[in-house]
Amino acid sequence: LLLRGNDMVLKQNDQEAMKLFEGALELDSCFEDAWNNMGTIAYRRKNYEEAIRYYSNALRCNGGYSQALFNRANSYYEAKELFNALQDLKRVEAINPDTSVLYFLRGLVYT
């Protein structure tokens, strides 16, 4: 379901992708990749609050999931929740300090 959902994302069929990711979550409610990908769809739609909720669900399943942390930091930045963005970036840095986009986003937040 995840692979088919990812394929639908590439084809820009977000509605079908969401159904497939939801199907994956019915099988495993803590499938963090599905939560993360749903957050990415919401982010692309500029629905940042919804994206934050999806990314937070992924992080409830796996608190060290750096991609979800980074994605949520991006969503917090867009939602003007700058303190929360910085907190997530601090956690990303602890996990993956060699991530150059981390420093770029941190610069945007401070700006």
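These numbers were taken from a predicted model, which means no experiment stands behind them. (Residues numbered from 1 in each chain as written. Predicted model: local features only at pLDDT ≥ 70, side-chain atom pairs only at ≥ 80, totals over all residues. Heavy atoms only, no water.)

Peer 1: Explain the packing of helix α1 (residues 2-10) against helix α3 (residues 32-44) to me, using residue names and the numbers behind them.
Peer 2: In the contact formed by α1 and α3, the axes pass within 11 Å of each other and the chain directions differ by 15 degrees. For the element pair α1 / α3, the angle class is roughly parallel. In this structure, α1 crosses over α3, and the sense of that crossing is left-handed. Facing Leu2, Asn6 and Val9 of α1, the residues of α3 in contact are Asp33, Ala34, Asn37, Ile41 and Arg44. The residue makeup of the contact of α1 with α3, split by class, is four nonpolar, two polar and two charged. (Axes fitted to C-alpha atoms, helices over the stretch in contact; angles between N-to-C directions. Helix = DSSP H or I, 4+ residues; strand = E, 2+ residues; numbered from the N terminus. Parallel < 35°, antiparallel > 145°, perpendicular 65-115°, else oblique. Left-handed = near helix turned anticlockwise from the far one by under 90°. Contact = heavy atoms within 4.5 Å. Nonpolar A, V, L, I, M, F, W, Y, C, P; charged D, E, K, R; others polar.)

Peer 1: Describe α1, and please don't skip the residues or the numbers.
Peer 2: Of the positions making up α1, those classed as buried are Leu2, Gly5, Met8 and Val9. Projected down its long axis, α1 carries its buried residues within an arc of 120 degrees, all on one side. The exposed residues of α1 that point more than 90 degrees off its buried face are Leu3, Arg4 and Leu10. The secondary structure elements touched by the buried residues of α1 are α2 (14-27) and α3. Positive backbone phi, approximately 60 degrees, marks glutamine 12, located one or two places after α1. (Buried < 20%, exposed > 50% of the residue type's maximum accessible area, 1.4 Å probe, protein only. Arc of directions from axis to C-beta.)

Peer 1: A description of the side chain of aspartate 88 should follow, citing residues and the corresponding values.
Peer 2: With respect to the element layout, aspartate 88 can be found in helix α6 (residues 82-95). Look past the residues within four positions of aspartate 88 in its chain and what remains in contact with it is Leu69, Arg72, Ala73 and Tyr76.

Peer 1: Please give an account of the state of the cysteines that cites residues and values.
Peer 2: Tallied over the full model, the rule gives one disulfide. A sulfur-sulfur distance of 2.1 Å marks the disulfide that ties cysteine 30 to cysteine 61. As the torsion about the S-S bond is roughly -115 degrees, the cysteine 30-cysteine 61 disulfide counts as left-handed. Of this pair, cysteine 30 sits in the loop between α2 and α3 while cysteine 61 is found in helix α4 (residues 48-61), placing the two residues 31 residues apart along the sequence. Residue cysteine 61 is classed as partly exposed on the basis of its relative accessible area of 25%. (Disulfide = S-S within 2.5 Å.)

Peer 1: Residue-level account of the environment of leucine 3, with values.
Peer 2: Among the secondary structure elements, leucine 3 is positioned in helix α1. Each C-alpha atom, one on leucine 3 and one on alanine 34, is 9.9 Å from the other, the two residues being 31 residues apart in sequence.

Peer 1: Which residues make up the environment of glutamate 22, and what values go with them?
Peer 2: You can see glutamate 22 is positioned in helix α2. Once the C-alpha coordinates of glutamate 22 and leucine 105 are considered, the two residues, 83 residues apart in sequence, prove to be 30 Å apart.

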